[in-house]
Structure formats: C-alpha cells, structure tokens
Amino acid sequence: MTIRGQDIVSVIKEQIKQFGAAVTIVDVGTVIEVGDGIARIHGVGGAKYNELLQFHNGAMGLVLNLEEDSVATVILGDYSQIKEGDEVRCTGRVIEVPVGDALIGRVINPLGEPLDGKGPIRATKTRPVERVAPHVVLRKPVDTPVHTGIKAIDSMIPIGRGQRELIIGDRSTGKSAIAIDTIISQKGGDLICIYVAIGQKTSKVAQVVATLENYGAMEHTIVVAANASDSAPLQYLTPYSGCAIGEEFMEQGKHALVIYDDLYKHAWAYRQLSLLLRRPPGREAYPGDIFYLHSRLLERAAKLAPEYGGGSLTALPIVETQAGDVSAYIPTNVISITDGQIYLETDLFNAGIRPAMNVGLSVSRVGGAAQTRAMRQVSGRLRLELAQYRELAAFAQFGTAELDKTTRAQLERGQRITEVLKQPQYSPMPLGKEVTILYSVINGYLDDVPVAKIASFESNFHRFLETNHPEIGQSIAKEKELKPEIEEALKAAILEFKQSITY
C-alpha cells in the first residue's frame with residue numbers, strides 16, 4: 001500500500017478546517033492587598049462596576065471601586081485563603097440572581113443559594129441584581145389596593161399596588177408583624193410576596209418562616225435572607241436580589257410585594273463596606289451616596305401601564321428608629337423617597353393598642369385612589385373622628401365633670417373606634433368583615449356597647465353574619481362596593497344581632 005503526498009496534505013487541510021478551539025481573551029490580575037473582606041487587584045483594567053471576579057480558590061469578588069491603577073472588590077464568601085500575589089480573573093458577568101416560579105416557597109441567600117435544605121433551586125433564568133428603575137412612560141398611576149387585612153391600615157393608610165409605603169418605629173413596636181400579616185392576608189390571591197431579611201438573627205428568620213408555613217403563606221412567598229452572622233457584602237446585596245426577583249414577576253404581568261426588613265441594617269452594612277473601601281465618610285460616617293443606595297432600590301417599585309404588561313411591584317421598606325427619632329439621617333432619607341409612612345409608637349404599643357399606629361404622623365400619599373369603594377364609603381369619617389378624639393382625650397384627662405354632652409359622646413365614640421381598630425397578630429381580616437364592623441362603629445351602632453365588651457361583640461357579630469347573613473360579606477367582597485340594598489341588609493342584620501345579645 002502506497003500513501004501519496006497529496007493524500008497526506010488533504011487530510012492535514014481537513015483537520016485544520018475542523019479544528020475549532022475558540023480563542024478567548026481574559027483579563028488576569030494580581031492581588032496587591034487583602035484584608036477585612038476587601039481585595040485590591042492590579043491588572044484588570046477591563047473590569048466593570050458590579051462585575052464578578054474569580055479568585056484562584058474559587059471565591060468570587062464583586063467590583064465596587066474602579067480606581068486609576070487598581071480595582072477594589074468585596075469578597076463574597078471566605079477570604080481567609082486569599083493572599084497577596086494570587087491570580088484573579090475577570091468573568092465578564094455582572095452579579096445575577098436566579099428568578100422565576102421555582103423560587104416560590106423557598107428560603108435563599110442573596111446569591112440564590114438555598115438555605116432551607118430542600119435541594120437545589122431549579123430556576124432556568126437569572127437577571128442582574130441592579131437595574132435602572134422603569135421610567136415614567138412605562139408607569140401607570142396606582143389605583144388597585146393591596147389588601148393587608150389590618151383594619152387600621154386598610155381604612156386610614158391604604159396601600160396600593162406599585163406603591164412604596166414605609167413602616168417605621170422603634171424596635172419591638174410590631175413593624176415586622178404588620179409585614180407578616182400582610183403576607184398571610186394574600187393567601188389565595190394573586191400577589192406573590194418576597195420577604196427580605198437583612199442582618200436579622202437567624203432565629204428570627206427561622207421563626208418568620210415557621211409562622212408563614214403554619215398559616216399556609218409560604219405557598220406564595222419567597223424569603224431572601226442575609227443573617228447577622230453573614231458578611232457585609234451579602235447584607236448589602238440582599239434587598240437588590242429580592243427586588244430583582246420581584247421585578248421578574250412584574251415584567252411577566254404578575255403582581256409582587258417585596259418587604260425589606262430593615263433598611264437601617266442595610267445602610268449599616270453599606271457604611272461598613274464604604275469605609276473599608278476608603279471612600280470619604282460624610283454625616284454619621286455614612287458615604288456621600290447613601291441616599292442613592294435606597295432611592296435606586298425603592299424607585300424600582302412600580303405599576304406598569306397595561307401596554308407594558310400591567311404588572312406591579314409594591315415595596316414595604318421597614319426602618320427601625322432609635323428612641324423615636326424620626327428626624328435621624330436614614331429615616332428622613334427613606335421618608336423622602338417613599339409614598340407615605342406607617343409610624344408605630346412605643347407608648348401606644350405599651351398601652352395595648354396593636355397595631356400601635358400613630359394616626360397623626362402616618363400618611364399614605366396615594367390616598368383613596370388605592371382603596372376599594374366599599375372601604376372608602378365606611379372610612380371617610382374615621383380618620384377625622386379619631387383625630388378629634390385624640391385631641392379631646394388630652395383635655396378630658398383633667399376631669400370629665402364639666403364636659404358637655406356632645407364632647408362626652410365624641411369621647412365615647414372615639415374609645416369604641418380605638419377598640420375596634422385593635423387587632424391581634426396573625427389574624428388579617430377579609431374585606432367584608434372589615435367593612436361591616438367599621439360601618440357599625442362609625443354609624444353609632446356600638447355607642448351603647450360597653451368598651452370592655454367591644455372585642456367580644458366584634459367576634460360574635462362576624463360569626464352571626466357568617467351564619468345568618470353570609471350574602472352581605474360575599475356581596476361586599478365581590479362588588480367591592482356597599483350598595484344601597486346591601487347597606488339596608490347590613491343595618492337590619494346589626495339590629496337583629498343587637499337584639500339577640502345581652503351585656
């Protein structure tokens with residue numbers, strides 16, 4: 001057998017044609033300084049802000065400072081094995097998080113890694129944690145309520161889909177309780193909830209998850225957590241990851257609610273990072289861009305116009321105040337970004353008024369636009385009557401002997417309204433129940449009920465309506481309006497119930 005030279009040449013040519021090894025160019029740099037979770041790297045001039053860099057031991061770094069001759073990164077994970085002279089590679093990827101329906105019912109960290117021991121996340125899509133907020137052309141005015149199931153909020157401080165409503169107050173005043181009740185209230189609805197825990201104790205996060213599971217709320221909830229024991233970079237990323245997960249649902253035309261618990265701890269984590277990155281400190285040692293930290297996060301909450309999908313992302317940020325100081329740096333920043341605030345007071349909480357909402361300082365800048373017509377019909381006079389009661393109560397404490405009949409009646413009505421607005425934790429109410437009891441108290445049907453008996457009156461009244469007149473609650477829930485015939489039926493039901501009970 002003879003092999004001709006031409007055959008050898010043709011075989012070599014064919015192999016050269018089929019040789020498909022792709023040539024890639026990767027920026028490779030060197031660690032010149034490392035410590036406290038921060039690494040400075042020389043030689044990666046092509047790195048982008050928020051890009052992931054890979055260290056030799058597999059750890060990832062997030063680019064936060066682009067300097068003239070080096071790049072400063074925060075290390076996500078264990079940095080104890082990284083030392084000067086180590087090689088670092090650019091990945092070309094900005095930091096991303098898994099998104100989609102596969103996350104519902106799961107507890108994850110801000111990188112999308114599971115924390116609940118239920119196996120890997122089967123998400124098929126990721127999206128960057130940072131994104132520019134939707135501009136004004138894409139948005140639609142807020143007009144659909146988020147039903148919290150809390151009478152005081154739904155009646156006086158309504159929250160709409162696409163709104164940003166701050167929950168603010170000292171520690172242990174029931175801020176997280178309002179957020180968790182709102183999540184529980186969405187059971188069976190179309191609102192997907194994302195609870196973002198920033199710098200909380202692991203035990204508290206576990207308690208929240210257990211509560212949501214007990215009330216069947218994890219079926220529509222995602223928990224994103226960076227605990228107090230986690231590094232500052234993870235705590236800094238957590239709210240952006242939660243927001244990106246919610247944005248995915250919004251862009252699919254669905255509705256999402258994201259709760260940031262809490263943004264004070266987020267600001268602390270960012271201050272720690274900024275000082276380690278040697279950025280110049282400003283007021284209270286926070287960096288100059290601390291306002292932008294939260295504005296670029298909260299502005300991503302929106303209600304999209306129908307031609308752009310019609311989805312919504314509602315934000316409920318929580319901020320913990322120190323000794324009731326609402327005028328501190330971070331609280332005033334977040335108040336100025338949000339569309340209103342629910343202010344919880346320690347004195348009211350200690351007096352047994354739960355939720356401990358200060359009606360005078362709490363406000364919703366969306367107002368009645370985010371209320372159902374039925375709730376608007378019954379709550380119109382509620383806020384005014386409560387404010388007048390609080391003002392009169394301040395004078396009445398000096399003695400009621402010389403008060404005229406009208407003033408005394410206003411005080412009596414105010415006491416009953418306050419009692420009706422009290423609500424135990426983990427018991428959000430459907431719209432029908434809220435409307436019927438508020439209608440009763442605002443129209444004077446409870447004026448002859450002893451204040452101490454209001455709570456038992458309310459529970460028995462709801463049971464009576466469910467048993468004898470279920471059509472009233474069903475009609476209010478369906479029509480979202482208190483029609484004249486339903487109002488007449490409700491009046492008759494109230495009188496019938498009052499005749500059947502004794503005090």
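Residues numbered from 1 in each chain as written. Predicted model: local features only at pLDDT ≥ 70, side-chain atom pairs only at ≥ 80, totals over all residues. Heavy atoms only, no water.

K.L.:
When you look at the overall build of the protein chain in this model, what are you seeing that I'm missing?
P.N.:
For the protein chain, the count of helices and strands is 16 helices and 17 strands. Seen through its C-alpha atoms, the protein chain measures out along the principal axes to roughly 115 × 60 × 40 Å. Put simply, the protein chain has 503 residues, and 51% of those count as buried. In the protein chain, 74% of the contacts between residues at least 6 apart in sequence involve partners at least 24 apart. Split by element, the accessible area of the protein chain, about 22,900 Å² in all, is 53% carbon and sulfur. Between the centroid of the 53 positive side chains of the protein chain and the centroid of its 59 negative side chains there is a distance of 3 Å. (Helix = DSSP H or I, 4+ residues; strand = E, 2+ residues; numbered from the N terminus. Buried < 20%, exposed > 50% of the residue type's maximum accessible area, 1.4 Å probe, protein only. Contact = heavy atoms within 4.5 Å. Areas by Shrake-Rupley, 256 points an atom, 1.4 Å probe, with all protein chains shown as cover. Lys, Arg positive; Asp, Glu negative; His and termini not counted. Charge placed at Lys NZ, Arg CZ, Asp CG, Glu CD.)

K.L.:
I'm lost on the packing of helix 13 (residues 431–442) against helix 15 (residues 470–479) in this one. Help?
P.N.:
Remark: helix 13 packs on helix 15, axes separated minimally by 8 Å, with the N-to-C direction vectors making an angle of 110°. Judged by the inter-axis angle, helix 13 sits roughly perpendicular to helix 15. For the pair helix 13 and helix 15, the sense of crossing is right-handed. Where helix 13 abuts helix 15, its residues Leu431, Gly432, Val435 and Thr436 lie against Ile472, Gly473 and Ile476. Looking at the contact of helix 13 with helix 15, its residues break down into four nonpolar, three polar and no charged. (Axes fitted to C-alpha atoms, helices over the stretch in contact; angles between N-to-C directions. Parallel < 35°, antiparallel > 145°, perpendicular 65-115°, else oblique. Left-handed = near helix turned anticlockwise from the far one by under 90°. Nonpolar A, V, L, I, M, F, W, Y, C, P; charged D, E, K, R; others polar.)

K.L.:
Any chance you could explain the nonpolar core here in plain terms?
P.N.:
Buried together is how nonpolar side chains tend to be arranged in soluble globular proteins. Counting residues in each nonpolar core, the largest one holds 68 residues, and the members touching the most others are Met156, Leu212, Ile342 and Leu446. The element contributing the most residues to this core is helix 13, with seven residues. With 60 residues, the next largest nonpolar core counts Tyr236, Val334, Ile335 and Tyr343 among its residues. (Core = buried A, V, L, I, M, F, W, Y, C linked by side-chain atoms within 4.5 Å.)

K.L.:
Can you walk me through the packing of helix 3 (residues 175–185) against helix 4 (residues 202–214) in this structure?
P.N.:
What describes two packed helices is the angle between their axes and the distance between those same axes. For the pair helix 3 and helix 4, interaxial distance at closest approach is 11 Å and the crossing angle is 30°. Taken together, the axis directions place helix 3 and helix 4 in an arrangement best described as roughly parallel. The handedness of the crossing between helix 3 and helix 4 comes out as right-handed. Along the contact surface, helix 3 presents Ser176, Ile180, Ile183 and Ile184, while helix 4 presents Lys204, Val208, Thr211 and Leu212.

K.L.:
What exactly am I supposed to notice about the environment of lysine 125 here?
P.N.:
Within the element layout of this structure, lysine 125 appears in strand 9 (residues 125–128). Judged by its relative accessible area of 43%, lysine 125 is partly exposed. In this structure the C-alpha to C-alpha distance between lysine 125 and leucine 166, which are 41 residues apart in sequence, comes to 31 Å. Setting aside residues up to four positions removed in sequence, lysine 125 forms contacts with Val97, Pro98, Val99 and Glu248. A polar side-chain atom of lysine 125 sits 3.1 Å from a polar atom in the side chain of glutamate 248. (Polar contact = N/O pair within 3.5 Å; in protein donor to acceptor, adjacent residues only side chain to side chain.)

K.L.:
Would you take a moment to explain the packing of aromatic side chains for this structure?
P.N.:
Any aromatic ring pair is given by two values, namely how distant the centres are and how the planes are angled relative to each other. Inspection of the entire model under this criterion finds 10 aromatic pairs. Pairing tyrosine 215 with tyrosine 426 gives two aromatic rings, centres 5.5 Å apart and planes at 35°, and the pair type is tilted. Linking tyrosine 215 in the loop between helix 4 and strand 12 (221–226) with tyrosine 426 in the loop between helix 12 (405–421) and helix 13, this pair joins segments that are 211 residues apart in sequence. A relative accessible area of 34% places tyrosine 215 in the partly exposed class. On the accessibility criterion, tyrosine 426 (26% relative accessible area) is partly exposed. Where phenylalanine 457 meets phenylalanine 461, the ring centres are 6.0 Å apart and the plane angle is 20°; that geometry is what we call stacked. With phenylalanine 457 and phenylalanine 461 both in helix 14 (residues 454–468) and four residues apart, this pair spans about one turn of that helix. Residues phenylalanine 457 and phenylalanine 461 agree in their burial class; the two are buried. Each member of the aromatic cluster is reached from another via a ring pair, and the members are Phe457, Phe461, Phe464 and Phe497. (Phe/Tyr/Trp six-rings, centres within 6.5 Å; stacked < 30°, edge-to-face > 60°.)

K.L.:
So what exactly am I meant to see when it comes to the sheet that holds strand 4 (residues 60–66) here?
P.N.:
Within a sheet, neighbouring strands are paired by backbone hydrogen bonds and run either parallel or antiparallel to one another. Read around the closed barrel, six strands run 1-2-5-4-3-6, paired in antiparallel fashion. The sheet shows a mean angle of 45° between the axes of neighbouring strands, taken without regard to direction. For strand 3 (residues 51–55) and strand 4, the ladder comprises three bridges, and the chain directions are antiparallel. Looking at strand 4, one finds that leucine 53 is bridged to glycine 61. (Pairing = 2+ DSSP bridges.)

K.L.:
I keep staring at the environment of valine 449 and nothing clicks. Help me out?
P.N.:
Positionally, valine 449 belongs in the loop between helix 13 and helix 14. Considered as a pair, valine 449 and tyrosine 308 are 141 residues apart in the sequence and their alpha carbons are 52 Å apart.

K.L.:
How do you make sense of unusual backbone geometry when you look at a structure like this?
P.N.:
The bulk of non-glycine residues show a negative phi, and the bulk of peptide bonds are trans. Cis geometry is adopted by the peptide bond preceding aspartate 262, which originates at aspartate 261 and carries an omega value of -5°. A positive phi is found at glutamate 284, a non-glycine position, where the angle reads about 55°. As for its position among the elements, glutamate 284 is in the loop between helix 6 (263–276) and helix 7 (290–298). At lysine 480, a position not held by glycine, the phi torsion is positive, near 60°. By the secondary structure assignment, lysine 480 is in the loop between helix 15 and helix 16 (484–500). Take lysine 480: its relative accessible area is 39%, and that puts it in the partly exposed class.

K.L.:
It is not clear to me how a nonpolar patch on the surface should be interpreted in this structure. Could you clarify?
P.N.:
Taken together, the side chains of Ile8, Ile12 and Ile16 make up a nonpolar region of the molecular surface, amounting to roughly 290 Å² of accessible area. Mapped onto the elements of the fold, isoleucine 8 is located in helix 1 (residues 5–18). Take isoleucine 8: its relative accessible area is 44%, and that puts it in the partly exposed class. (Patch = residues over 30% accessible without salt bridge, like charges linked within 9 Å, V, L, I, M, F, W, Y side chains within 5 Å. Salt bridge = Lys/Arg side-chain N within 4 Å of Asp/Glu carboxyl O.)

K.L.:
I'm lost on the pattern of salt bridges in this one. Help?
P.N.:
Pairing between side chains becomes possible if they bear opposite charge and their charged atoms approach one another. Counted under the stated rule, the structure contains 34 salt bridges. Across the pair glutamate 251 and arginine 131 runs a salt bridge, and its minimum N-O distance is 2.1 Å. Of this pair, glutamate 251 sits in helix 5 (residues 232–251) while arginine 131 is found in the loop between strand 9 and helix 2 (151–156), placing the two residues 120 residues apart along the sequence. Arginine 131 sits in the partly exposed class, given a relative accessible area of 29%. Note that lysine 422 and glutamate 419 form a salt bridge whose closest N and O atoms lie 2.9 Å from each other. Owing to a relative accessible area of 25%, lysine 422 belongs among the partly exposed residues under this scheme. When its relative accessible area of 22% is taken as the criterion, glutamate 419 is described as partly exposed.

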